[in-house]
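Next come the chains, spelled out residue by residue.
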Amino acid sequence: MTTEHVSDGVRLLIVGPPGAGKGTQAGVIAKTYGIPAISTGDIFRQNIAEGTELGKKVDAIVSSGGYVPDTLTNEIVADRLQQDDARDGFLLDGYPRTEEQVAELDRILAASGNTLDAVVQLTADRDEVVKRLLLRAEQQGRSDDTEDVIRHRQDVYHEQTEPVIAAYRERGVVVSIDGLGAIDEVSDRVLSALAQHGLAASA
Ligand code: ADP
């Protein structure tokens, strides 16, 4: 098997409910494939922490667990994907989460003549993700990790983002991974599933 064709980078998404471990696995995948991990949640939190105009606009929305409006989110991702480090591949974490965002990403990819290589779906049941998020609340103090807000985020995910995954599934690009277990075990599952999908990382 040759891996030559993947050395010029891969374009991936990672999706899953809040608390499934997307950020952690995104870091591992990005390092393995030599691509930037781009998290819309991180971009928003950084802007909130720095008190930028964008941060001021989204602070209340993010803290309450709702979704930032599509026009704003789409603009931020379009800008970020134009930066040099994303030209030869990227992993998007937490985007797209709505059908309008899917349409925007399709447009961005078509404009650059690229396609998505895979959508990594991390699964985890509700009790487990709530447990993890409550633990993260103690460790990191994220404003959206209180029990009420966590529940709201799960509901929003169910209503708005599960249909997005279903749409990608119909395109045959979804690689589904059980997100339960130790971090290393989950990473091994993710990387071997991507290799099976034809995306072996070149050494
Ligand atoms: P999690 O998936 O664990 O909830 P994220 O860091 O991915 O955490 O997202 C945190 C928050 O940032 C979301 O609840 C939402 O308010 C906002 N956000 C992140 N990505 C998007 C997006 N693609 N569209 C709209 N809002 C988003």
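Residues numbered from 1 in each chain as written. Predicted model: local features only at pLDDT ≥ 70, side-chain atom pairs only at ≥ 80, totals over all residues. Heavy atoms only, no water.

- As annotated in an unreviewed UniProt entry, the protein chain is Adenylate kinase from Paramicrobacterium chengjingii.
- The heading Function (unreviewed entry) in the UniProt record of the protein chain holds the text "Catalyzes the reversible transfer of the terminal phosphate group between ATP and AMP. Plays an important role in cellular energy homeostasis and in adenine nucleotide metabolism."
- Its UniProt record gives the protein chain the following Sequence similarities (unreviewed entry) comment, quoted word for word: "Belongs to the adenylate kinase family." (UniProt positions renumbered as here; feature names shortened; annotations may be inferred.)

1. What to know about the UniProt feature "binding site: ATP" (unreviewed entry) in the protein chain
Inference 1: Sequence positions flagged by UniProt for "binding site: ATP" (unreviewed entry) are, in local numbering, Gly19, Ala20, Gly21, Lys22, Gly23, Thr24, Arg136 and Gly181.
Inference 2: Note on placement: lysine 22 falls in helix α1 (residues 22–33).
Inference 3: Apart from residues lying up to four places away in sequence, lysine 22 is in contact with Ile14, Val15, Gly16, Pro17, Asp93 and Leu122.
Inference 4: Tracing the sequence through the fold places threonine 24 in helix α1.
Inference 5: On the basis of relative accessibility, which here comes to 41%, the residue threonine 24 falls in the partly exposed class. (Helix = DSSP H or I, 4+ residues; strand = E, 2+ residues; numbered from the N terminus. Contact = heavy atoms within 4.5 Å. Buried < 20%, exposed > 50% of the residue type's maximum accessible area, 1.4 Å probe, protein only.)

2. A few points about the packing of helix α6 (residues 126–140) against helix α7 (residues 147–170)
If you want to describe how two helices pack, look at the angle between their axes and the distance between the axes.
Inference 1: Orientation of α6 relative to α7, taken along the N-to-C sense of each, is 140 degrees, at an axis distance of 10 Å. As the angle between them shows, α6 and α7 are arranged oblique. The two elements α6 and α7 meet at a crossing, and its hand is right-handed. On the side of α6, the interface is formed by Arg126, Val129, Val130, Leu133, Leu134 and Arg136, while α7 contributes Glu147, Ile150, Arg153, Gln154 and Asp155.
Inference 2: For the contact of α6 with α7, a count of residues per class yields five nonpolar, one polar and five charged. (Axes fitted to C-alpha atoms, helices over the stretch in contact; angles between N-to-C directions. Parallel < 35°, antiparallel > 145°, perpendicular 65-115°, else oblique. Left-handed = near helix turned anticlockwise from the far one by under 90°. Nonpolar A, V, L, I, M, F, W, Y, C, P; charged D, E, K, R; others polar.)

3. What to know about the site of the ligand
Inference 1: Surrounding the ligand, one finds 20 residues, the nearest of these being Thr40, Gly66, Gly94, Arg97 and Arg153.
Inference 2: The separation between a nitrogen atom of the ligand and a polar side-chain atom of glutamine 101 is 2.9 Å.
Inference 3: Arginine 153 is positioned with one of its side-chain polar atoms (N or O) 2.7 Å from an oxygen atom of the ligand.
Inference 4: For the ligand, whose unbound accessible area comes to 540 Å², protein coverage reaches 97%.
Inference 5: Of all the elements, helix α2 (residues 40–50) adds the most residues to the shell around the ligand, at four residues.
Inference 6: Along the lines of polarity and charge, the residues of the shell around the ligand split into six nonpolar, seven polar and seven charged. (Near = heavy atom within 4 Å. Polar contact = N/O pair within 3.5 Å; in protein donor to acceptor, adjacent residues only side chain to side chain. Areas by Shrake-Rupley, 256 points an atom, 1.4 Å probe, with all protein chains shown as cover.)

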